[in-house]
Amino acid sequence: MLQNLGDKLKGQRWLATLVLGLLALLFAIWGAYGVVNLSFGQPDYGLKIDGERISTETLNRAWQERQAQYARMLNGSEMGDAQKLVLQQQLLDQYIRSTLLRQRAEKDGYRATPDALRQSITSEPAFQVDGKFDPRAARTALAQAGLSETAYYQERAQQLAVEQLDQAIESSDFTTPAEMQHIYALANEQREIRYALLPPDHFQNAVKIDDAKVKAWYDAHQSDYMTPESVHLKYAELRLDALTPKVTVKPEDLQAYYDKVKSRYSEGEKRHAHHILIAADPKDAKSDAAALAKANEVEAELKSGKDFGELAKKYSADPGSAAQGGDLGWADKSAYVAPFADALFGMQAGQVSDPVKTQYGYHIIRLDEIRPAHVRAFDDVKGELETEYRKQQASELFGDRQEQIEQKLESGATDLDALAQQFELQSGDIAQYSRTSGAPPLGGNPALLTAVFSDDALSGEKIGGPVALSDDHLVIFKVLERHAPAPQPLASVRDEVVAAIRKSESTVAAKAAADAADKQLFDGKSFDDVVKSLGVTATPATYVGRNDPQVPAQIRDAAFNAPPPAGKPVARTVELDTGGAAVLLVSALKAGAAGSNPQNDAQLLSQYQRRDREGSMNAYLAELQRRATIKRNPTIFE
């Protein structure tokens, strides 16, 4: 395999050194598990870009994944031929652009250093558990994605090199002062508008609905009333909580575990004290002197035999302990500010201190009891220790079984029941597992939905998974039967159909009324008279900005898409996505400028520069494509 990999990398010595060096690290961490032969397969190609071939198999696999994504978006409905052609072209364009960028990055000498690559991999969220890189999580994620470690390393190294090229192109972009002023003038422009809403409810009395109309609408919009694609799913799951009771805890093992973690059960010295606080402002000499004098008086009362608790309730300024007679409970030295802690931990049990100064004032402290530093005995912590030990051992067992299941699946195991029995998995059956939302008890985990509705799983020949639903729960599965989307009976969706008809026809009526109003405004009739004739009310004239949240987005967009008023207001009809329509009048404008809102100006400039950089990158790619020799196999997707 290594000779095969070396052959592939001839002419790319830097990449060969990098990948093979990281493979050594990979073997050290993970062992040889999961490394596969990367031979390119058949000599035919789907694309040839400056001599580099991309196989038909690679493109078809990517096309299948793209179709699956869109199938989920379309609730399992079939795509039209025209839509397929568009998506296929987009897919090929993406491969062409990414290949040209990678080739250019290699030619120009951009490289990912081993440290940068290692940092990129270990910081990948999918490879982490509790915020730290975990080899087992990485291996599982790559297995679910169908990638070998070698292929992933090589791909990530290429991505980092392309990112360096992208950053170089971005850094060459700049914005002139004149461009900035033009940006601010357009973006901060304000327009004076009035508008009146014509809601669907205003026209619903004119909408007449009968059974024939309902049937006609249902037949014409049947794709809106389809059941989602689903499968009959058989599954087996591994749960940490199911393994925990299976762990045998021997007394000697528990004792050894206690010895290993004993330091966690050690407690430093603690002391139980009461205090009386006389508050003072340390920055005010008079306040400080007065507080010290008062503390001395309280100390004298204590020495005369008065009760410490009663004096604390009477004099102490500490809101947390005064009502309890100054009781501070048990605490270690770190719980207190330094002067207080030093005094308290230098006293003997039963002793009362002289006034001790801290930033809060003066304290009179009474030490009641001392609890020496000690380690909690084995018998005292045995219960919690056993729970912890059992869970730890179950976690290790969980990980071992996960690895064994993965190895079984990679070796071609196809009997789900046999695997469930061998590894003591809990089995289940779901008659209707939906592509859009899954189904109880497995739910709609995105990773599981993707796996279940993949081409391999839908064939019904392979066991799918394992898919991690959480850190302590994974599932394997097999698709027994596939249920294509089907029209729901008209009777079950009649209310939805009626609502859709009402919205559609009332919106048509509202749009017609708004168009008539627009014509009247063009002919010179006043806005108030037109609105009154419609039986609705209008907003007062007000200046709004492009992002004013007080104005519906469609009306705001229409106002700024309209031509600037030149001596005469501009009227527009706006059909609303929520149903109904609006009549809009744009009567004046104010050019914008920088400075009114520096934070927004900075965001605006950043957005413009980002779009400008994207434009530069698109131009760069267009030039790469113009210069490149690109051949497409016309039978790629046949």
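Before reading further, recall that the structure is shown in the block above.
Residues numbered from 1 in each chain as written. Predicted model: local features only at pLDDT ≥ 70, side-chain atom pairs only at ≥ 80, totals over all residues. Heavy atoms only, no water.

A few words now on the overall build of the protein chain. Broken down by element type, the protein chain carries 22 helices and 19 strands. For 638 residues, the compact-globule formula gives about 26 Å, and the C-alpha radius of gyration of the protein chain, at 37 Å, lies well above that figure. Relative to its full complement of 638 residues, the protein chain shows a buried share of 37%. Taking contacts inside the protein chain between residues at least 6 apart in sequence as the whole, the part at least 24 apart equals 72%. For the protein chain, the exposed surface amounts to about 34800 Å²; the carbon and sulfur share of it is 50%. Between the averaged position of the 73 positive side-chain charges in the protein chain and that of its 89 negative side-chain charges there is a distance of 3 Å. (Helix = DSSP H or I, 4+ residues; strand = E, 2+ residues; numbered from the N terminus. Rg over C-alpha atoms; globule rule 2.2 N^0.38 Å. Buried < 20%, exposed > 50% of the residue type's maximum accessible area, 1.4 Å probe, protein only. Contact = heavy atoms within 4.5 Å. Areas by Shrake-Rupley, 256 points an atom, 1.4 Å probe, with all protein chains shown as cover. Lys, Arg positive; Asp, Glu negative; His and termini not counted. Charge placed at Lys NZ, Arg CZ, Asp CG, Glu CD.)

Within the structure shown, the criterion is met by 8 aromatic pairs. Where Tyr 258 meets Phe 378, the ring centres are 5.4 Å apart and the plane angle is 75 degrees; that geometry is what we call edge-to-face. Remark: Phe 378 occurs in helix 15 (residues 378-410) and Tyr 258 occurs in helix 11 (residues 251-261); sequence separation between them is 120 residues. Its relative accessible area of 6% is what places Tyr 258 among the buried residues. Where Tyr 336 meets Phe 340, the ring centres are 4.9 Å apart and the plane angle is 35 degrees; that geometry is what we call tilted. Each member of the pair, Tyr 336 as well as Phe 340, carries the same accessibility label: buried. Here the aromatic residues Phe 127, Tyr 152 and Tyr 153 are joined through ring pairs into a cluster of three or more. Lying across the ring of Phe 522, Lys 568 places its NZ or CZ 4.7 Å from the centre. Lying across the ring of Tyr 543, Lys 590 places its NZ or CZ 4.2 Å from the centre. (Phe/Tyr/Trp six-rings, centres within 6.5 Å; stacked < 30°, edge-to-face > 60°. Lys NZ or Arg CZ within 6 Å of the ring centre and 35° of its normal.)

Where helix 19 (residues 490-522) contacts helix 20 (residues 527-534), the two axes come as close as 10 Å, and the packing angle between them is 155 degrees. When the interaxial angle is binned, helix 19 and helix 20 end up roughly antiparallel. Here helix 19 and helix 20 pass one another in a crossing that is right-handed. Packed against helix 19, whose contacting residues are Ala 513, Ala 517, Gln 520 and Leu 521, the element helix 20 presents Phe 527, Val 530, Ser 533 and Leu 534 at the interface. (Axes fitted to C-alpha atoms, helices over the stretch in contact; angles between N-to-C directions. Parallel < 35°, antiparallel > 145°, perpendicular 65-115°, else oblique. Left-handed = near helix turned anticlockwise from the far one by under 90°.)

This brings us to the pattern of salt bridges. Going through the model one piece at a time under the given rule, you end up with 34 salt bridges. The closest approach of N and O atoms between Lys 333 and Asp 342, which form a salt bridge, is 3.6 Å. Judged by its relative accessible area of 40%, Lys 333 falls in the partly exposed class. What makes Asp 342 partly exposed here is its relative accessible area of 49%. Asp 515 is paired through a salt bridge with Lys 511; the nearest N and O atoms lie 3.0 Å apart. Taken together, the positions of Asp 515 and Lys 511, both in helix 19 and 4 residues apart, correspond to about one turn of that helix. You can call Lys 511 partly exposed: its relative accessible area is 26%. Each member of the salt-bridge network shares a partner with another, and the members are Glu 52, Arg 102 and Glu 106. (Salt bridge = Lys/Arg side-chain N within 4 Å of Asp/Glu carboxyl O.)

Turning to the pairing of strand 8 (residues 270-279), a few remarks are in order. Counting buried positions over the 10 residues of strand 8 gives 8, a clear majority of the element. As paired elements, strand 8 and strand 11 (residues 361-371) share 10 bridges and run antiparallel to each other. Counted as the bridge partner of Arg 271 is Ile 370 from strand 11. Inspection of the sheet shows strand 8 paired to strand 9 (residues 327-331) by 3 bridges, in the antiparallel sense. The residue of strand 9 that forms the bridge with His 274 is Asp 327. (Pairing = 2+ DSSP bridges.)

For Arg 435, the position within the fold is in the loop between strand 13 (426-434) and helix 17 (446-452). Residue classification places Arg 435 among the buried positions, given a relative accessible area of 4%. Among the polar contacts listed, one links the side chain of Arg 435 to the side chain of Glu 229, at a separation of 2.6 Å. (Polar contact = N/O pair within 3.5 Å; in protein donor to acceptor, adjacent residues only side chain to side chain.)

What follows deals with the environment of Phe 527. Inspection of the secondary structure assignment puts Phe 527 in helix 20. Looking at Phe 527, the relative accessible area reads 6%, which means it is buried. Distance in space between the C-alpha atoms of Phe 527 and Ala 591 is 25 Å, their sequence separation being 64 residues.

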